[in-house]
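Here are the chains, one letter per residue:
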Amino acid sequence: NRPIQIIPSVLPADWANMGACVKELEEAGVDRIQFDVMDGNFVPNLTFGPEMIAACRKYCNVPFETQLMVSQYNCETMLESYVNATKGANGEPGVVIAHAEANIHLHRVLGRIRDLGGSPSVALNPHTPFEMIKNIMDMVDHVLVMTVNPGFGGQAYIPTMLNKIREIRNFIIEKNLNVDIEVDGGIKANWTISQCAHAGANCFIAGSGMFAYPTLKEGCDDLRKVAQE
Ligand code: DX5
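Below you will find a few notes about this structure. Not measured: the values here are computed from a predicted model.

### What to know about the pattern of salt bridges
Then comes step 1: Enumeration over the complete set of coordinates arrives at 12 salt bridges.
Then comes step 2: Of the charged contacts in the structure, one is a salt bridge between Asp221 and Lys217, with a shortest N-O distance of 2.8 Å. Of this pair, Asp221 and Lys217 both sit in helix H8 (residues 216–228), 4 residues apart, which is roughly one turn of the helix.
Then comes step 3: Glu229 is the salt-bridge partner of Lys225, the closest N and O atoms lying 3.7 Å from each other.
Then comes step 4: Taking relative accessible area as the criterion, Lys225 reaches 45% and is therefore assigned partly exposed.
Then comes step 5: Each of Arg32, Glu65 and Glu182 takes part in a single network of salt bridges with overlapping partners.

### Some details on the packing of helix H2 (residues 50–57) against helix H3 (residues 76–86)
In a pair of packed helices, the angle between the axes and the distance between the axes together describe the arrangement.
Then comes step 1: Interaxial distance between H2 and H3 falls to 8 Å at its minimum, and their mutual angle equals 20°. Taken as axis vectors, H2 and H3 run roughly parallel relative to one another. The interaxial crossing formed by H2 with H3 has left-handed handedness. Here Pro50, Ile53, Ala54 and Arg57 of H2 come into contact with H3, specifically with Ser81, Tyr82, Ala85 and Thr86.
Then comes step 2: For the contact of H2 with H3, the per-class residue count stands at 5 nonpolar, 2 polar and 1 charged.

### A word on the nonpolar core
Then comes step 1: Counting residues in hydrophobic clusters, the biggest one holds 74 residues, and the most contacted among them are Ile33, Ile133, Met137 and Phe204.
Then comes step 2: Apart from the residues lying within four places of it in its own chain, the contact partners of Ile133 are Ala100, Leu106, Val122, Leu124 and Val143.
Then comes step 3: Counting 9 residues, the second-largest nonpolar core is a separate cluster that includes Ile97, Leu144, Met146 and Cys203.

### Points about the site of the ligand
Then comes step 1: By nearness alone, 20 residues border the ligand, and Gly151, Gly154, Gly186, Gly207 and Ser208 come closest of all.
Then comes step 2: Within the side chain of Gln34, a nitrogen or oxygen atom sits 3.1 Å from an oxygen atom of the ligand.
Then comes step 3: When the ligand sits alone it has 380 Å² of accessible area, and the protein chains cover 100% of it.
Then comes step 4: Breaking the shell around the ligand down by element, the ones donating at least two residues are strand S2 (33–38), strand S3 (64–69) and strand S8 (203–206).
Then comes step 5: Here the element with the most residues in the shell around the ligand is S2; it accounts for 3 residues.

### Some points on the side chain of Ser9
Then comes step 1: Of note, Ser9 is situated in the loop between strand S1 (5–8) and helix H1 (18–28).
Then comes step 2: Looking at Ser9, its side chain comes within polar contact range of the main-chain nitrogen of Leu11, at 3.1 Å.
Then comes step 3: Those residues in contact with Ser9 that lie beyond four places of it in its chain are Gln34, Asp36, Ile205, Ala206, Gly207 and Phe211.

### Some remarks on the pairing of S8
Then comes step 1: Residues of S8 alternate between two faces, with Cys203 and Ile205 on one and Phe204 and Ala206 on the opposite face, all of them buried.
Then comes step 2: With 4 bridges joining them, S1 and S8 adopt parallel strand pairing. Paired with Pro8 across the two strands is Ala206, which belongs to S8.
Then comes step 3: Bridge count between strand S7 (residues 180–184) and S8: 3 bridges; the pairing is parallel. Note on S8: the bridge partner recorded for Asp184 is Ile205.

About the thresholds
Residues numbered from 1 in each chain as written. Predicted model: local features only at pLDDT ≥ 70, side-chain atom pairs only at ≥ 80, totals over all residues. Heavy atoms only, no water. Salt bridge = Lys/Arg side-chain N within 4 Å of Asp/Glu carboxyl O. Helix = DSSP H or I, 4+ residues; strand = E, 2+ residues; numbered from the N terminus. Buried < 20%, exposed > 50% of the residue type's maximum accessible area, 1.4 Å probe, protein only. Axes fitted to C-alpha atoms, helices over the stretch in contact; angles between N-to-C directions. Parallel < 35°, antiparallel > 145°, perpendicular 65-115°, else oblique. Left-handed = near helix turned anticlockwise from the far one by under 90°. Contact = heavy atoms within 4.5 Å. Nonpolar A, V, L, I, M, F, W, Y, C, P; charged D, E, K, R; others polar. Core = buried A, V, L, I, M, F, W, Y, C linked by side-chain atoms within 4.5 Å. Near = heavy atom within 4 Å. Polar contact = N/O pair within 3.5 Å; in protein donor to acceptor, adjacent residues only side chain to side chain. Areas by Shrake-Rupley, 256 points an atom, 1.4 Å probe, with all protein chains shown as cover. Pairing = 2+ DSSP bridges.

Laid out in structure tokens, this is it:
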């Protein structure tokens, strides 16, 4: 069994005080922090670029994760800027997630993320079958199964994604791969996180489900408790 990891998304944070937020998230005991990069093209929302991620680095030591909900990956400098911004406090590889749907050269992009010193990972939108990434499963450290349509926080979890999570878990076991399964979208400290954990996920991204609590520590503790039940 792979360790349970609680990963807040910064989407619901107070962006005018992002440094203070990531520091509070670290103190709350989260395992990683996810930055949702959106370009207004791949998803109908626009968030921030690599400078926001890089600016947060000096406020905490917790590992970062960047989900690239963008339509252009083939720009070398763009990829390098995100890999560098996502690296750890001592230059450790940060998780950089490429969407299968946005990459006609997914194999090349994942290889470049690894070459640039990142931890390459791949995300699947709800409609995308696992079949689409089977041929690159040996190149990634994490598979992110979206349990909402990406672009916004606070949406309803899509339970039919459980079959996809099970399919990926069975493939990882069958091929003896060292890959985490992440879920993201509508995850709360309730049946949503339990269902996904029992189906094989071990990394849980929560935005509204984390920030709804009086303190971030309560949110992190509650999510971790229910995920382990
Ligand atoms: C959705 C983002 C998610 C989102 C999760 O496009 O990729 O990370 O912030 O938010 P909740 O947990 O509120 O669904």
